[in-house]
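Chain by chain, the residues run as shown.
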Amino acid sequence: MVSQAGKIFPYLVAVAGMSLVIAIFLPLRAALVDRPATVAVIQIVVVVLTGIRWGTGPALVAALTGALAFNYFFLVPYYTFIIAGVGDIALFLAFLTTSLIAGSLAAQAKRRADDAETQRHEIERLYADLQRENSARKRVEQALIEARDEMLRKERLAVLGQVAGSVGHELRNPLGVMNNAVFFLKTALTDADPITREYLDIIAYEIKGAEGIVSELLDSVRTRRPQLEISDTAYLIRQAVQHCTVPEGVTLRIDIPAGLPPIAVDPQQIQRVFRNLISNGIEAMSDNGSLTVSAISDAAAGTVRVSIRDTGSGIGSEQMAKLFQPLCTTKARGIGLGLVVCKNLVEVNGGQIEVQSEAGKGTTFTVTLPGEKL
C-alpha cells in the first residue's frame, strides 16, 4: 500500500518543479517582456514531463500552478491576478488550455506506453523460453525476431490509433476554437497596438504548429489507399526539393541519370516521402554538409532505387534498432512519427525503405519503388 506521504509526494514535486522554472526565469523577466510565450512553452514542457512521470493528477496541478504563476509574474500588471490586455487574455487562455490538454495526453500516453512495455517484456520472456526449449530450430530465430518487432510496431500503432482518435476530438476542437478566437480578435481589434497584434500572431503560429503535430499523428495511423499513376521519378524528386529549405552551408547534389524508367506509385504520397527524407537529412547536418539525392534502375527486378545520403552525425546502433517504431526520434523537437509515415507510404505503394548509417559519417535512406506495371 502507498502511504499518504507517498500519494502527496508527486503533487509536491509538480508544484516544486513549476516553482523552480518560475524562479529561474523571474530574473530574466525584463529580457522576456516581449516574449512571454517562451516562458509558457517551458512551463508546458514541465507539465508534459510531470504527466509522463507522475500521471494525470500531478500534471493538472502543475498546469494550474504554472497558469497562476505565469499570470502573476509575467503578465502586466505584475504581481496581481489581473489580466489587462486582450492579447494577454488570449495568451493566458491558450497556455492554460494547451497545458491541461498536454498534461492529460502525456499521462495517457505514459500509461499506454507502460502497458506496451509490459507486453514487450512478456513477449521477450516467452521468446527466451522458446530458445531454451527449441535449440534445434535456430534457422527460424531471425524470423521470430522480425515477427516480434513487427508485432510490437503494430501494437504501438494500435495504441497510437486510440490516442489519435482521442486527439482528434480532445485537441483539434479546442485548437479550432482558439484559432477562431484569434481570427475574431484580429478582425475586431483593427486598431490594436503592435504588442497586442504581435501576441495574436504568436498564438496563431503556435496553434498552426500544434495542428501540424496532430495531422502527423493522424497520418501515422491511417494511410489512405494509393492512387497509382505512371510517374517520373526525377520530377517527383525535384518537386520535393522545391518544398524544402536548404541552408546556405548545405550543398545539395542531385544525380539522376537520363532515361530512368517511370514508376507506378501515388505521386503525392511518394513526393511526401522524398520531402520528409530530404528535410531529415538537412536537419541532421546543422546547416553545414552535403546532401546527395541519387537514383538508379534495376531492370532485372523491375524497380527504381532512390537514395538520399547526408554527411550528418549519423544514427547510433541503439536508435537504428527502433528507427521505424512510433515515438522514436533523434530530434530535439519532434514526436517520432515522420519515418513511421514514410515507411507506411512506401509499403502501401509496394516498395521498401532501408537505412544505413555510421556515427559521425552520415546516413543513407534507400527507397525501392516498383516500375511501370499498371
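Up top is the structure these notes are about.
In this text, all values refer to a predicted model and were calculated from it rather than measured experimentally.

Quick notes on the rules
- Residues numbered from 1 in each chain as written.
- Predicted model: local features only at pLDDT ≥ 70, side-chain atom pairs only at ≥ 80, totals over all residues.
- Heavy atoms only, no water.
- Helix = DSSP H or I, 4+ residues; strand = E, 2+ residues; numbered from the N terminus.
- Polar contact = N/O pair within 3.5 Å; in protein donor to acceptor, adjacent residues only side chain to side chain.
- Contact = heavy atoms within 4.5 Å.
- Pairing = 2+ DSSP bridges.
- Axes fitted to C-alpha atoms, helices over the stretch in contact; angles between N-to-C directions.
- Patch = residues over 30% accessible without salt bridge, like charges linked within 9 Å, V, L, I, M, F, W, Y side chains within 5 Å.
- Areas by Shrake-Rupley, 256 points an atom, 1.4 Å probe, with all protein chains shown as cover.
- Salt bridge = Lys/Arg side-chain N within 4 Å of Asp/Glu carboxyl O.
- Core = buried A, V, L, I, M, F, W, Y, C linked by side-chain atoms within 4.5 Å.
- Buried < 20%, exposed > 50% of the residue type's maximum accessible area, 1.4 Å probe, protein only.
- Left-handed = near helix turned anticlockwise from the far one by under 90°.
- Nonpolar A, V, L, I, M, F, W, Y, C, P; charged D, E, K, R; others polar.

Asker: I tried to follow the side chain of Ser307 on my own but got confused; where do I start?
Answerer: Tracing the sequence through the fold places Ser307 in strand β5 (residues 303–310). Only 3.4 Å separates the side chain of Ser307 from the side chain of Thr366, close enough to count as a polar contact. Ignoring sequence-local partners within four residues, the contact set of Ser307 consists of Thr292, Val293, Ser294, Thr364, Phe365 and Thr366.

Asker: Help me understand the sheet that holds strand β7 (residues 362–370) in this model?
Answerer: Taken in spatial order, the five strands of this open sheet run β2-β4-β5-β7-β6, and their pairing is mixed. The outermost strands of the open sheet, each flanked by one partner alone, are β2 (250–255) and β6 (352–358). Geometrically, the sheet is characterised by an average inter-axis angle of 15° between neighbouring strands, direction not taken into account. With respect to the sheet, helix α8 (residues 233–242) is in contact with β2, β4 (289–298) and β5, its orientation differing from that of β5 by roughly 30°.

Asker: Would you explain a nonpolar patch on the surface in this entry?
Answerer: Residues Val41, Val45, Leu49 and Ile52 make up a contiguous nonpolar surface patch of roughly 320 Å² in combined accessible area. Looking at where Leu49 falls in the secondary structure, it is placed in helix α2 (residues 36–54).

Asker: Would you explain the nonpolar core in this entry?
Answerer: Taken as a class, soluble globular proteins show a tendency for nonpolar side chains to be buried jointly. Phe274, Leu277, Ile278, Ile353, Phe365, Val367 and Leu369 are the most contacted members of the largest nonpolar core, which totals 35 residues. Elements that contribute at least two residues to this core include exactly α8, β3 (263–265), α9 (267–283), β4, β5, α11 (338–348), β6 and β7. Per-element tally for this core: the top contributor is α9, with six residues. Excluding residues within four positions of it along the chain, Phe365 makes contact with Leu277, Val306, Ser307, Ile308, Leu323, Phe324, Leu339, Ile353, Glu354 and Val355. By size, the runner-up hydrophobic cluster in this structure holds 11 residues, among which are Leu175, Met178, Ile203 and Ala204.

Asker: Quick question: what am I supposed to make of α11 here?
Answerer: For α11, a buried count of eight out of 11 residues is recorded, marking the element as mostly surrounded by other parts of the structure. Burial in α11 covers these residues: Leu339, Val340, Val341, Cys342, Lys343, Asn344, Leu345 and Val346.

Asker: I would appreciate a short explanation of the packing of α9 against α11 in the present structure.
Answerer: The packing of two helices is summarised by the inter-axis angle and the distance between the axes. One can describe the packing of α9 onto α11 by two numbers: an axis separation of 9 Å at closest approach and a directional angle of 145°. Every pair of crossing elements has a handedness; the one defined by α9 and α11 is left-handed. Counting all contacts with α9, which are made through Gln269, Ile270, Arg272, Val273, Asn276, Leu277 and Asn280, the residues of α11 involved are Gly338, Leu339, Val341, Cys342, Leu345, Val346 and Val348. When grouped by side-chain class, the residues that make up the contact of α9 with α11 number nine nonpolar, four polar and one charged.

Asker: Is there a simple way to think about the pattern of salt bridges in this case?
Answerer: Two side chains that carry opposite charge are able to pair once their charged atoms sit near each other. For the structure on display, the rule yields seven salt bridges. Between Arg120 and Glu124 there is a salt bridge; the shortest N-O distance is 2.5 Å. In this pair, Arg120 and Glu124 are both assigned in helix α4 (residues 86–133), four residues apart and thus about one turn of the helix distant. You can call Glu124 partly exposed: its relative accessible area is 26%. With a closest N to O distance of 3.6 Å, Glu358 and Lys361 form a salt bridge. On the basis of relative accessible area, Glu358 is assigned to the partly exposed category, the value being 44%.

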